[in-house]
Amino acid sequence: MQSDLYILQGLSCIYSLQISCSPFVRDKHEWGYFAPNVRKGGLALTWSRAPCNMNHGEWTIEEALKRRNVITRGHFLLSSGRHSEEYMQCARLLQYPTEAEKVGQALAAFFQDREIDVVVGPALGGVIIAYEVARALGVPSLFAEREEGHMRLRRGFTIQPNERVLVIEDVVTTGGSVREVLELLKSYGGEIVGIGAIIDRSGGKVSFDYPFHALLSHSITSYEPEHCPLCQANIPVVKPGSRS
Ligand SMILES: [Zn+2]
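Residues numbered from 1 in each chain as written. Predicted model: local features only at pLDDT ≥ 70, side-chain atom pairs only at ≥ 80, totals over all residues.

Enquirer: Explain the sheet that holds strand β12 (residues 222-223) to me, and be specific about the residues and the numbers.
Expert: In space, the three strands of this open sheet follow the order β4-β5-β12, with antiparallel pairing throughout. Two strands bound the open sheet, and with one partner strand each, they are β4 (71-77) and β12. Bridge count for strand β5 (residues 83-88) against β12 is two bridges, and the pairing is antiparallel. Looking at the pairing, Ser84 lines up with Ser222 of β12. (Pairing = 2+ DSSP bridges. Helix = DSSP H or I, 4+ residues; strand = E, 2+ residues; numbered from the N terminus.)

Enquirer: Go over helix α5 (residues 97-111), please, and point to the residues and values.
Expert: Working note: α-helix, 3.6 residues per turn, so residues spaced by three or four point in the same direction. Here α5 is 15 residues long and its end C-alpha atoms lie 21 Å apart, about the 21 Å a rise of 1.5 Å per residue gives. Regarding α5, the residues found buried are Glu99, Ala100, Lys102, Val103, Gly104, Leu107, Ala108 and Phe111. Looking at the buried positions of α5, the neighbouring elements they touch are α3 (61-67), α4 (91-94), α6 (125-137), β9 (164-172), β10 (191-200) and β11 (212-217). (Expected span 1.5 Å × (residues − 1). Buried ≥ 20, exposed ≤ 12 C-beta atoms within 10 Å, placed from the backbone. Contact = placed C-beta atoms within 7 Å.)

Enquirer: Before we move on, could you go through unusual backbone geometry and cite the residues and values that matter?
Expert: The peptide bond linking Ala123 to Leu124 adopts the cis configuration, its omega dihedral lying at 0°. Summarising the element assignment, Leu124 is placed in the loop between β6 (118-122) and α6. Even without being a glycine, Glu115 presents a positive backbone phi close to 50°. Counting through the fold element by element, Glu115 comes out in the loop between α5 and β6. Residue classification places Glu115 among the exposed residues on the basis of 11 C-beta atoms within 10 Å.

Enquirer: Explain α6 to me, using residue names and the numbers behind them.
Expert: Burial analysis of α6 places eleven of its 13 residues in the buried class, which makes it a mostly covered element. Every buried residue of α6 is accounted for by Gly125, Gly126, Ile128, Ile129, Ala130, Tyr131, Glu132, Val133, Ala134, Ala136 and Leu137. Packing partners of the buried residues in α6 comprise α4, α5, β6, β7 (141-147), β9 and β10.

Enquirer: Explain the confidence of the model for the protein to me, and be specific about the residues and the numbers.
Expert: On average, residues of the protein score 84 in pLDDT, and 75% of them reach the 70 mark or higher. Mean pLDDT in the protein bottoms out at helix α2 (residues 52-55), which sits at 47, and peaks at β6, which reaches 98. Low pLDDT, under 50, characterises residues 13-23; the predicted model gives this stretch twelve contacts beyond four residues in sequence or across chains. (pLDDT = per-residue confidence, 0-100.)

Enquirer: Could you give me a rundown of the packing of α5 against α6, with the residues and numbers involved?
Expert: Each packed pair of helices is defined by two parameters, the angle between the axes and the distance between the axes. Where α5 meets α6, the axes come as close as 8 Å, and the angle between the chain directions of the two elements is 65°. The crossing of α5 and α6 is right-handed. Contact residues: α5 offers Ala100, Glu101, Val103, Gly104, Gln105, Leu107 and Ala108, while α6 offers Ile128, Ile129, Glu132, Val133, Arg135, Ala136 and Leu137. (Axes fitted to C-alpha atoms, helices over the stretch in contact; angles between N-to-C directions. Left-handed = near helix turned anticlockwise from the far one by under 90°.)

Enquirer: Describe the sheet that holds β11, with residues and values.
Expert: Whenever strands of a sheet pair, they do so through backbone hydrogen bonds, lying parallel or antiparallel. Strand order in the open sheet formed by six strands is β8-β7-β6-β9-β10-β11, and the pairing between neighbours is mixed. Edge positions in the open sheet fall to β8 (150-153) and β11, since each of these has one partner strand only. Across the sheet, the mean angle separating the axes of adjacent strands is 25° when strand polarity is ignored. Here eight bridges tie β9 to β10, and the two strands are oriented parallel to one another. Across the sheet, the residue bridging to Glu169 is Ala197, located in β10.

Have a look at this one:
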């Protein structure tokens, strides 16, 4: 049996070398190749990603947002009650693990020398990106979630006194959720090191008592409903699915 396995592995290597000479595209934005893999005594084809420089050239947040149609146009009711012509849905970007990983690495780069012990994201928008930043920093990731209207750590999550915490959110507009998380972390005695976000939708207006870094600053024009040109044009208003 063991010798069979060696033969299979040998064949697999030869086949892999042949097949990897001609890259395939699985997703139109991701280069890579299918390579055979010995698994449970059989051969399986597994996807191998090409090196990053083949996938995206130099990865930028602007390109990634365009590529994944994060910004949509229409007539939207924002969580503030105002109306706008644009809406940003970061979930469209983060549904791709290859993009989420890059976003996490880009944000982590700003905080990598700050001796972070743990990353915390507000649910739901902050969960995936906080996790990716934590992965890039090599530390754990927790999320805070609303329970009876208050941000809490549940599921056995906790912060030890003096732990150095980085707060990560997907989109910051007024910073309301982030401030609630900051208060929560202070109640545990956590030491807040900074705040990171993929997008600062306030266009640079939002500020915190701690260092804040967003990968992109983008302000969206919004209107009071009574002054909204889209309402005046009788275009139906849509309430997008989440607060962020
Ligand atoms: Zn309107």
